[in-house]
Amino acid sequence: MDKINVEIEQVMKAESVEIDGEKWVYDSSVDHKGRVPLRDSTGVWKASLFIIAIEFSERLSYFGIATSLIIYLTKVIHQDLKTAAISVNYWSGVTTLMPLLGGFLADAYLGRFSTVLVSSTVYFLGLLLLTMSRVVPSLKPCDSNLCDESKKVHEPIFFLAIYLISIGTGGHKPSLESFGADQFDDENPEERRKKMSFFNWWNFGLCCGLLLGVTLIVYVQEHVSWAMADIILTVVMASSIAIFVAGRSSYRYRKTTGSPLTPMLQVLIAAIRKRNLHLPSNPSHLHEVPKSETTQRKLLGHTTKLKFLDKAAILDHTQDSIEQQQNAWKLATVTKVEELKLLINMIPIWLTTLPFGICVAQAATFFIKQGVTMNRKIIHNFEIPPASIYALTAVGMIISVTIYDKILVPFMRRATGNERGISILQRIGIGMIFSVSTMVVAALVERKRLNVVHKNLFAGSASMSVFWLAPQFLIIGIGDGFTLVGLQEYFYDQVPDTMRSLGIALYLSVIGAANFISSLLITIVDHITENSGKSWFGKDLNSSRLDYFYWLLATITAVNLCVYVFVARSYTYKNVHSMTTMAVADCDDGDNRKAMV
């Protein structure tokens, strides 16, 4: 009878915990007062909408500046085509590499909310300075709308302003996206599914900002004034900061735990110290913190790769066991070892996605410059601003994200039984196929444009409609909907829990590093082809051979795709033990959880 009573009591306790878990969120997050958050009044979409609002504002500003930057540099500051393209790539590279620093500070010291607030303020100051550089008489590029030569004082102020925006983006981008994903509890099945959709709809909001940036803002730049466009962007950013702060009580926050890189270094040092010890045949003999003692960090299951690092978790019986357990530089847990393995396993994926980023870099430079030389008239005398054609990238991305989330994922869930529908790396690989197609189409279109130029030397390619560029913008946009969104989800999901902002920064660094590589590639190709007779990059577009450059990128990307498939097929996904069951991200059950591409 007593045994029955005990069992009944245990069942009642379990039900009580389950009910309590539905009311409160026990994922180590806190509310704005530092308490355990209530599920009904915090997080999920009610909080994410405030976060997406400020992302919309940031993307509006970024693309309003980025897509017309090469035009401003060539028409107002009077840089030549090659120098302007390199300047844009450098700025884009810095803008997308700065998040590595911002993400680290957010995870280690400042917290994501504070980092977003500070960096958004810096971003606002950059926009304010940019506005002043075009409004204040002594700082303006010239005294008329058409600048034959810009004032010397304008250029340094202009570059200071846009690089101040880069610094703001450095803290804003990684912290905001990871902060948005933090609003969903992975342990709750309903919220976990919503989180999978979050990255899709996050990019939907991003694309809306992009669309307005390359249409409304670019139109104002082209037909009203650059200054008026900057004033609009500054006011919108100030308003979105106020909206973001207004949602403070509905957010779920994560406490900082110090540098996330220190535990990685501790594992490496401990493994080197124990390099002469033999690994136990049973992984369960390796050191791990009991589940009952874990509150802040989820436990990771042991994997068979990079066995050398497992030595960090060996308990050396020749030394005092208590002293070892108290010194993280001598003994690491299996979870910490696996976290270091996660980062090392990401390196090949990061490297093989760089060629995709190089293709993306062309859309904001050479693709836009192509549009400048073409017929942009639609109705009567109305002309599309050259940068507005970039809007088709957002259209392609919106189409692919919507079809993926509403049609492909539900269908593949039923077909495969996988909660995601297809794996993250499969999604990334599909987008890379589109990048190859983009460069092939771009090469063919540019070849046709050059043929038109040679046939009609007087009009150049002005008789060729700008909508010939539509396919390459649409295709790269569709590819973004697969690869860029997939990369966001991959780097957020697969990094250790303490490095979520840094994970988003790693995704952004793919684009940043790719921009620098694109600049380097342009310099190398220019040098080689110039020595061979004639450079592929002339003083203007009509004296260049961008079609050859696009074919080169198509070849590089196609070869890289084969390498990526090999790397992705051997990749082992993150293996997480929850408090009650084992949750494995993006994979089937089994000891060797590998991606299928």
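Because the structure is predicted, anything quoted here is derived from the model rather than measured.

Visitor: Report on the overall build of the chain, specifying residues and quantitative values.
Guide: On a plain count of helices and strands, the chain comes out with 19 helices and five strands. In the chain, which comprises 597 residues, the proportion classed as buried is 55%. Sequence separation of 24 or more characterises 80% of the internal contacts of the chain that already satisfy a separation of 6 or more. As presented, the chain carries roughly 25,800 Å² of accessible surface, and 64% of it is formed by carbon and sulfur atoms.

Visitor: Quick rundown of the packing of aromatic side chains? Include the residues and the values.
Guide: The final tally for this structure, using the stated rule, is 31 aromatic pairs. Consider the rings of Phe434 and Phe482, whose centres lie 6.0 Å apart with planes at 15°: the pair is stacked. With a gap of 48 residues between them, Phe434 in helix H16 (residues 424-455) and Phe482 in helix H17 (residues 470-494) connect regions that are remote in the sequence. Taken together through their ring pairs, the aromatic side chains of Tyr62, Phe63, Trp91, Phe367, Tyr390, Phe473 and Tyr550 make up a single cluster. For Arg134, the ring lying beneath its charged end belongs to Tyr72, and the centroid distance is 4.4 Å. Taking the ring centre of Tyr548 as reference, the NZ or CZ of Arg545 above it sits at 4.1 Å.

Visitor: Can you break down the packing of helix H13 (residues 354-363) against H17 residue by residue, with the values?
Guide: The N-to-C vectors of H13 and H17 enclose an angle of 140°; their axes lie 11 Å apart at closest approach. Here H13 lies oblique to H17, going by the angle between them. Once H13 is placed against H17, the crossing between them reads as left-handed. Where H13 abuts H17, its residues Phe356, Cys359, Val360 and Ala363 lie against Phe473, Ile476, Gly479, Asp480, Thr483 and Leu484.

Visitor: Any details on helix H19 (residues 546-569)? Residues and values, ideally.
Guide: In this model, H19 (24 residues) spans 34 Å end to end at C-alpha, consistent with the 34 Å of a helix rising 1.5 Å per residue. Structurally, H19 contributes buried residues whose contacts are with helix H12 (334-352), H13, helix H14 (366-372), H16 and helix H18 (500-532).

Visitor: Describe the pattern of salt bridges, with residues and values.
Guide: Note that side chains of opposite charge can pair when their charged atoms are close. For the structure shown, the criterion picks out 15 salt bridges. Between Arg112 and Asp182 there is a salt bridge, with the nearest N and O atoms lying 2.3 Å from each other. Here Arg112 is found in helix H5 (residues 112-135), whereas its partner Asp182 is found in the loop between helix H6 (154-181) and helix H7 (189-223), with 70 residues between them in sequence. Comparing Arg112 with Asp182, the two get one shared label, buried. When salt bridges that share partners are traced, they join Arg39, Asp185, Glu191 and Arg252 into one network.

Visitor: For the confidence of the model for the chain, give the residues involved together with the corresponding values.
Guide: As a note on interpretation, predicted positions should not be read in detail where pLDDT is low. For the chain, per-residue confidence averages 81 on the pLDDT scale, and 89% of positions sit at 70 or higher. Looking at the elements of the chain, mean pLDDT is at its lowest for strand E5 (residues 582-584), recorded as 39, and at its highest for H19, recorded as 93. Note on residues 6-19: pLDDT is under 50 here. Beyond four places in sequence and across chains, it has zero contacts. Contacts of residues 579-593 to residues separated by more than four positions or lying in other chains number 32 contacts, the stretch itself having pLDDT below 50.

Visitor: Please set out helix H15 (residues 391-416) residue by residue, giving values where relevant.
Guide: An ideal rise of 1.5 Å per residue puts 38 Å on 26 residues; H15 measures up with 35 Å between its terminal C-alpha atoms. When the local axis directions of H15 are compared, the greatest deviation, roughly 45°, occurs at Tyr404. Of the residues one or two after H15, Gly417 is the one with positive phi, at around 80°.

Visitor: Tell me about empty space enclosed by the protein, residues and numbers included.
Guide: Within this structure, the stated rule accounts for six cavities of 30 Å³ or more. Approximately 440 Å³ is the volume found for the largest cavity. Lining the largest cavity are 30 residues, with Arg59, Tyr62, Phe63, Val360 and Ile511 sitting closest to its centre. Elements with a minimum of two residues in the lining of the largest cavity: helix H2 (44-75), helix H3 (81-97), H6, H7, H13, H15, H17 and H18. Its residues assigned to classes, the lining of the largest cavity shows 15 nonpolar, 12 polar and three charged. Counting residues domain by domain, the lining of the largest cavity receives three or more from each of domain 1 (22-258) and domain 3 (338-577). What the second largest cavity holds in volume is close to 80 Å³. Forming the boundary of the second largest cavity are Leu300, Gly301, Thr303, Glu338, Lys341, Leu342, Asn345, Thr572, Tyr573, Lys574 and Asn575. The element best represented in the lining of the second largest cavity is H12, accounting for four residues. Along the lines of polarity and charge, the residues of the lining of the second largest cavity split into three nonpolar, five polar and three charged.

Calculation notes
- The residue numbers shown here count from 1 along each chain, following its written sequence.
- The model is predicted, so local features are restricted to residues of pLDDT at least 70 and side-chain atom pairs to those at 80 or more, both for listing and for counting; the totals for chains, interfaces and linings are taken over all residues.
- To obtain the side-chain values, all non-hydrogen atoms of the structure were used and water was disregarded.
- What counts as a helix is a DSSP run of H or I of at least four residues, what counts as a strand is a run of E of at least two, and both are numbered from the N terminus.
- Here's how the labels work: a residue is buried when its accessible area is under 20% of the maximum for its type, exposed when over 50%, partly exposed in between, all with a 1.4 Å probe on protein chains only.
- Should any heavy atoms of two residues lie within 4.5 Å, those residues are considered in contact.
- In these tables, accessible area is a Shrake-Rupley quantity obtained with a 1.4 Å probe, and a residue counts as shielded only by the protein chains included in the view.
- Within 6.5 Å between ring centres, the rings of Phe, Tyr and Trp (the latter by its six-membered ring) count as paired, and their orientation is classed by plane angle as stacked under 30 degrees, edge-to-face over 60, tilted in between.
- Two thresholds decide whether a charge sits over a ring: the Lys NZ or Arg CZ must be within 6 Å of the ring centre and within 35 degrees of the ring normal.
- Axes here mean lines fitted to C-alpha atoms, for a helix over just the part in contact, with angles spanning 0 to 180 degrees between N-to-C directions.
- Note on terminology: angles under 35 degrees are roughly parallel, angles over 145 are roughly antiparallel, angles of 65 to 115 are roughly perpendicular, and the others are oblique.
- A crossing counts as left-handed when the near helix is turned anticlockwise from the far one by less than a right angle, and as right-handed when that turn is clockwise.
- By this rule, a helix spans an expected 1.5 Å times one less than how many residues it contains.
- Salt bridge criterion: a side-chain nitrogen from Lys or Arg within 4 Å of a carboxyl oxygen from Asp or Glu.
- On a scale of 0 to 100, pLDDT captures the predictor's confidence in every residue.
- To obtain the bend at a residue, axes are fitted to the seven residues ending there and to the seven starting there, and the angle between these axes is taken.
- A 1.4 Å probe that fits but cannot get out identifies a cavity on a 1 Å grid over protein atoms alone, an open set with protein on both sides within 12 Å along at least five of seven lines counts as a pocket, and a residue lines either if it has an atom within 4 Å of a point.
- Grid points are joined across faces, edges and corners, and a volume is the space filled by probe spheres set on the points.
- Throughout this entry, Asp, Glu, Lys and Arg are counted as charged residues, while Ala, Val, Leu, Ile, Met, Phe, Trp, Tyr, Cys and Pro are counted as nonpolar. The remaining residues, Gly among them, count as polar.
- Source of the domain bounds: an automatic or database domain assignment.

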